[in-house]
Amino acid sequence: MDIKILKEITKLMKDNDLTEVEVESPDLKVRLKKASTAPMVAAPLVAHATPLPLPAAALAASAAPAEAKVDETAGYKQIISPIPGTVYLKPNPDSALFVSVGTEIDETKVVCLIEAMKVFNEIKPDPGVTGIIKKILVKDGQPVEYGTVMFLVG
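Residues numbered from 1 in each chain as written. Predicted model: local features only at pLDDT ≥ 70, side-chain atom pairs only at ≥ 80, totals over all residues. Heavy atoms only, no water.

Draft legend 1. Expanded view of the sheet that holds strand β4 (residues 85-88). Sheet architecture is open: four strands sit in the order β7-β6-β4-β9, paired in antiparallel fashion. The two strands at the open ends of the sheet, each matched to only one other strand, are β7 (119-123) and β9 (143-144). Two strands pair when backbone bridges link them, and β4 and β9 are joined in this way by two bridges, in the antiparallel orientation. Looking at β9, one finds that Thr 86 is bridged to Pro 143. (Pairing = 2+ DSSP bridges. Helix = DSSP H or I, 4+ residues; strand = E, 2+ residues; numbered from the N terminus.)

Draft legend 2. Main features of the pairing of strand β10 (residues 149-153). Most of β10 is tucked away, with four of its five residues classed as buried. Pairing of strand β3 (residues 77-80) with β10, which is carried by four bridges, proceeds in the antiparallel orientation. Among the inter-strand pairings, Gln 78 is bridged to a residue of β10, identified as Leu 152. Relative to β10, strand β8 (residues 131-136) is paired through three bridges, and the arrangement is antiparallel. Paired with Lys 135 across the bridge in β10 is Leu 152. (Buried < 20%, exposed > 50% of the residue type's maximum accessible area, 1.4 Å probe, protein only.)

The following block contains the structure:
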């Protein structure tokens, strides 16, 4: 194994604040996972012999139904990141976006680039993902991980 490749992968992890990276080529497969550095803190267990009374306002608030979270991706096809890296929505800084909200796409349309290990990868929708871009969920220059939803297509 070439140590230079390993150093580049670890630098990529550090620069993009990634916790896990997997790289595969015909002659090499590497998977790196950063160990958690967050200390585990145990909360003290407190037992009360009698239940504490709640104020009337707290009782009324707990009786109100909780607001349901709305899944913004429901009903849309998704274009997800197939690799970790940095997403670019334009071919170069002076160019127009590859796609914008309202752009009609099919599986042959390049929607963005993802730079991984100094290689720019053209990202196209998966086969069968056609329609109109309804929402762009990433920003130009934003780091993404494998599986990040980047675009919603309707």
